[in-house]
Amino acid sequence: MKKTFVCCPNCDEICSIPHPIRPGRYKCPNCQHLIFRYWPDMVVRLYATNLAALILFVIANYFHLLSFAVVGNRADATLTTAIRYLYQEGDYLLAVAVLMTILVVPLLQILLNLSLFGPLYHGHLPRYAPHALKLLEAFGPWGMLDVFLVGILVSIVKLVKMGTIVPDASFWAFAALIPIMAYGQSVFDPRPIWEEIEEAQKAGRISCPSERIA
Amino acid sequence: MRAVDKGLGCCSVCGQMVAFPPPQAGHVAAYCPRCGSEVFPRKRNSLSTTLALVLASILFYIPANLLPMMHVETFAGTESDTIMSGVIYFMETGSYLIGFVIFVASIFVPVVKMLILLYLVATVHFGWHKHRHERLKLYHLTELVGRWSMVDVYVVSIMIALVHFGGLSSIHAGTGAVFFLLVVVVTMVAAMSFDPRLIWDGASPSTSSKEPHA
């Protein structure tokens, strides 16, 4: 059986994994940390979850999130209302941080995943796959929709004593979006795709996206 | 067997194993043949970067707690809320769970994160060999919980979006929120710049006995 060698990113131990990769979870023999996991139906699962996520994300941004009423006054908030008010009042740093973490990064993550796993599902490795994977890696923990959901819940509890607060359509879309995205994250592992890229590079179908040729 | 002892390392982006140039070559970086990224044996200036960022976050943490997170304007006057006064408000009004969540996410987690990172930097700097597995777990803990401190920033922005009734009653972001955002972002970057492989570096009795002679 052929093997490839990888180093554990947590302790630098050299670990061997079967090549081509077989399904399962692989742990570092030294530090016991998960090096990678691979499920053969990863592509279809990620395609499905990200399609669902995109639909829910559009719904979550189109409708109202919460509506709040105090004696005769009523306010509806969409996801972007908060960003707009922060920007209008000159809190640019806060506005940019909220915009990036709940809108730009999650949307780009969903779109990049779709642009990657859509073609892969149909048996085609896109030429931009290395760039897409690099971008996804760079986004890392900066998409914070799950944290935002907890923020919404805390705000509801905070405001419930001041007036009437009603969660709207967007809230429920959000509540459904979070577990779907979390599931997608838990299935995702870039290593099998990198191996496919390597095969394609050997066949001359994809070039190495070098920053500099050493 | 550790990769660094063999002059090998893995690309932090795609996991490809690469050979580093020999010590006399004058430069330490290698280039990943698969994704084109620059690969270094360890994250560059890991300890000093992490230490500098942790110290910066400690400085930001002081105004984040002393200055108000938000100003609540009503016809009766303006009220300013700091993080702690928010927690106390929840505890007094009986919302123990929410008070607890806010306390953990906004006060407890940032402090614990800073302390853990300081401890990790110190132990690596002084070359401690003990408790390596435990220290790696602590590191993963800081990576895992870091983003959840953003909850308070989101709560402030949602409150601003919902309570916006002009002179009758409105909420504005305070300077404390900006500093708090900086604490969260800076500690997240600090955790990212720490290289967990450093914990395992340096000769230790257990690894040297496993590896007789190169």
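Since the model is a prediction, treat every value here as computed from it, not as a measurement. (Residues numbered from 1 in each chain as written. Chains lettered and ligands numbered in written order. Predicted model: local features only at pLDDT ≥ 70, side-chain atom pairs only at ≥ 80, totals over all residues. Heavy atoms only, no water.)

A.B. asks: How do you make sense of the interface of chain B and chain A when you look at a structure like this?
C.D. replies: Interfaces are often sized by the accessible area lost when the parts come together. Contacts between chain B and chain A engage 64 residues on the former and 62 residues on the latter. Summing the contributions of chain B and of chain A, the shared interface buries around 5800 Å²; its carbon and sulfur component is 69%. Across the chain B-chain A interface, the total number found is 3 salt bridges. Put simply, Glu198 of chain A and Arg34 of chain B hold a salt bridge, and the shortest N to O gap is 2.9 Å. For the pair chain B and chain A, the interface holds 17 residue pairs in polar contact (both at pLDDT 80 or more). Broken down by element, the residue count for the side of chain B that touches chain A peaks at 10 residues, all from helix 5 (residues 151-162) of chain B. When grouped by side-chain class, the residues that make up the side of chain B that touches chain A number 44 nonpolar, 13 polar and 7 charged. (Contact = heavy atoms within 4.5 Å. Buried area = accessible area lost by both parts, 1.4 Å probe. Salt bridge = Lys/Arg side-chain N within 4 Å of Asp/Glu carboxyl O. Polar contact = N/O pair within 3.5 Å; in protein donor to acceptor, adjacent residues only side chain to side chain. Helix = DSSP H or I, 4+ residues; strand = E, 2+ residues; numbered from the N terminus. Nonpolar A, V, L, I, M, F, W, Y, C, P; charged D, E, K, R; others polar.)

A.B. asks: What should I look at first to understand a nonpolar patch on the surface in this one?
C.D. replies: Residue and element names in this part refer to chain A. Taken together, Ile55, Ile59, Tyr62 and Phe63 make up a surface patch of nonpolar side chains, about 430 Å² in accessible area. Summarising the element assignment, Ile55 is placed in helix 1 (residues 42-62). Judged by relative accessible area, Ile55 falls into the exposed class, the value being 54%. (Patch = residues over 30% accessible without salt bridge, like charges linked within 9 Å, V, L, I, M, F, W, Y side chains within 5 Å. Areas by Shrake-Rupley, 256 points an atom, 1.4 Å probe, with all protein chains shown as cover. Buried < 20%, exposed > 50% of the residue type's maximum accessible area, 1.4 Å probe, protein only.)

A.B. asks: So what exactly am I meant to see when it comes to the side chain of Thr123 of chain B here?
C.D. replies: Residues and elements named next belong to chain B. Topologically, Thr123 is positioned in helix 3 (residues 96-125). Here Arg135 takes part through its side chain, which lies 3.1 Å from a polar atom of the side chain of Thr123. With near-sequence residues (within four places) excluded, Thr123 lies in contact with Trp128 and Arg135.

A.B. asks: Can you walk me through the packing of aromatic side chains in this structure?
C.D. replies: For any pair of aromatic rings, the description consists of the separation of the ring centres together with the inter-plane angle of the planes. All chains considered together, the criterion is met by 11 aromatic pairs over all chains. Ring geometry for Tyr139 of chain B and Phe194 of chain B: centres 5.4 Å apart, planes at 50 degrees, overall tilted. Separated by 55 residues along the polypeptide, Tyr139 of chain B in helix 4 (residues 132-145) and Phe194 of chain B in the loop between helix 6 (175-193) and helix 7 (205-210) bring together distant segments of the chain. With relative accessibility at 0%, the residue Phe194 of chain B sits in the buried group. Put simply, the rings of Phe148 and Phe174 of chain A together with Tyr154 of chain B pair up and form one aromatic cluster. When the ring centre of Tyr85 of chain A is taken as reference, the NZ or CZ atom of Arg84 of chain A above it lies at 5.8 Å. Positioned above the aromatic ring of Phe36 of chain A is the side chain of Arg191 of chain A, whose terminal nitrogen or guanidinium carbon lies 5.2 Å from the ring centre. (Phe/Tyr/Trp six-rings, centres within 6.5 Å; stacked < 30°, edge-to-face > 60°. Lys NZ or Arg CZ within 6 Å of the ring centre and 35° of its normal.)

A.B. asks: Would you take a moment to explain the packing of helix 3 (residues 92-121) of chain A against helix 4 (residues 129-139) of chain A for this structure?
C.D. replies: A packed helix pair is summarised by two numbers, namely the angle formed by the two axes and the spacing between the axes. Residue and element names in this part refer to chain A. Following both chains from N to C, one finds helix 3 and helix 4 inclined at 150 degrees, their axes separated by 10 Å at the closest point. When the interaxial angle is binned, helix 3 and helix 4 end up roughly antiparallel. As helix 3 packs across helix 4, the resulting crossing turns out to be left-handed. Along its contact with helix 3, which presents Val105, Leu108, Gln109, Leu112, Asn113 and Leu116, the element helix 4 presents Ala129, Ala132, Leu133, Leu135, Leu136 and Phe139. Its residues placed into classes, the contact of helix 3 with helix 4 shows 10 nonpolar, 2 polar and no charged. (Axes fitted to C-alpha atoms, helices over the stretch in contact; angles between N-to-C directions. Parallel < 35°, antiparallel > 145°, perpendicular 65-115°, else oblique. Left-handed = near helix turned anticlockwise from the far one by under 90°.)

A.B. asks: What is the right way to read the environment of Ala132 of chain A from this model?
C.D. replies: Residues and elements named next belong to chain A. Inspection of the secondary structure assignment puts Ala132 in helix 4. Residue class for Ala132 comes out buried when judged on its relative accessible area of 2%. Linking Ala132 and Val147, residues 15 residues apart in sequence, is a C-alpha distance of 25 Å. With sequence-adjacent residues up to four places away left out, Ala132 is seen in contact with Leu112 and Leu116.

A.B. asks: Would you mind going over the sheet that holds strand 6 (residues 73-77) of chain A with me for this structure?
C.D. replies: Either a parallel or an antiparallel arrangement is found when strands of a sheet pair, and the pairing is made through backbone hydrogen bonds. Residues and elements named next belong to chain A. The strand order across the open sheet formed by 3 strands is 6-5-7, and the pairing between neighbours is antiparallel. Looking at which strands have only one partner, the edges of the open sheet turn out to be strand 6 and strand 7 (164-167). Strand-to-strand twist across the sheet, computed as the mean angle between neighbouring axes with direction ignored, equals 15 degrees. (Pairing = 2+ DSSP bridges.)

A.B. asks: Looking at this model, I keep getting lost on the state of the cysteines. Mind explaining?
C.D. replies: Cysteine pairs can be covalently joined through their sulfur atoms, and such a bond is termed a disulfide. Tallying each qualifying case throughout the model produces 1 disulfide over all chains. Put simply, Cys7 of chain A and Cys10 of chain B are joined by a disulfide, and their sulfur atoms are 2.3 Å apart. In this structure the cystine formed by Cys7 of chain A and Cys10 of chain B twists about its S-S bond by roughly 100 degrees; its chirality is therefore right-handed. Placement of Cys7 of chain A in strand 1 (residues 3-7) and of Cys10 of chain B in strand 1 (residues 8-10) is noted, with the two residues assigned to different chains. As far as the burial class goes, Cys7 of chain A and Cys10 of chain B line up, both buried. Of the cysteine sulfurs around Cys28 of chain A, a residue in no disulfide, the closest is that of Cys11 of chain A, at 3.6 Å. What makes Cys28 of chain A buried here is its relative accessible area of 1%. Summary of cysteine pairing: Cys31 of chain A is not part of a disulfide, and the nearest cysteine sulfur, belonging to Cys8 of chain A, is at 3.6 Å. (Disulfide = S-S within 2.5 Å.)

A.B. asks: Help me understand helix 6 of chain B in this model?
C.D. replies: Every α-helix winds through 3.6 residues per turn, so residues three or four apart in the chain are directed the same way. Helix length check: helix 6 of chain B, at 19 residues, gives a terminal C-alpha distance of 27 Å against a target of 27 Å (1.5 Å per residue), a fit within 8%. Of the positions making up helix 6 of chain B, those classed as buried are Gly176, Ala177, Phe180, Leu181, Val183, Val184, Val186, Thr187, Met188, Ala190, Ala191 and Ser193 of chain B. Close packing links the buried residues of helix 6 of chain B with helix 3 of chain A together with helix 1 (46-66), helix 2 (83-92), helix 3, helix 4 and helix 5 of chain B. (Expected span 1.5 Å × (residues − 1).)

A.B. asks: Would you mind showing me how to read the pairing of strand 3 (residues 24-27) of chain A here?
C.D. replies: Residue and element names in this part refer to chain A. The two faces of strand 3 differ: Gly24 and Tyr26 on one face are buried, but Arg25 and Lys27 on the other face are not. Alignment of strand 3 against strand 4 (residues 34-38), held across 4 bridges, turns out to be antiparallel. Each bridged residue has a counterpart across the sheet, and for Tyr26 the counterpart in strand 4 is Phe36. Between strand 3 and strand 4, which pair antiparallel one after the other, the connecting turn spans 6 residues, and Gln32 there sits at a positive phi close to 65 degrees.

A.B. asks: Would you take a moment to explain the pattern of salt bridges for this structure?
C.D. replies: It is possible for side chains bearing opposite charge to pair when their charged atoms get close. By the definition in use, this model includes 9 salt bridges over all chains. The partner of Glu198 of chain A in a salt bridge is Lys202 of chain A, and the shortest N-O contact between them spans 3.7 Å. Taken together, the residues span about one helical turn, with Glu198 of chain A and Lys202 of chain A both in helix 7 (residues 191-202) at a distance of 4 residues. We classify Lys202 of chain A as exposed; its relative accessible area is 65%. Three or more residues joined by partner-sharing salt bridges are found here, namely Asp12 of chain A together with Arg2, Arg42 and Asp201 of chain B.

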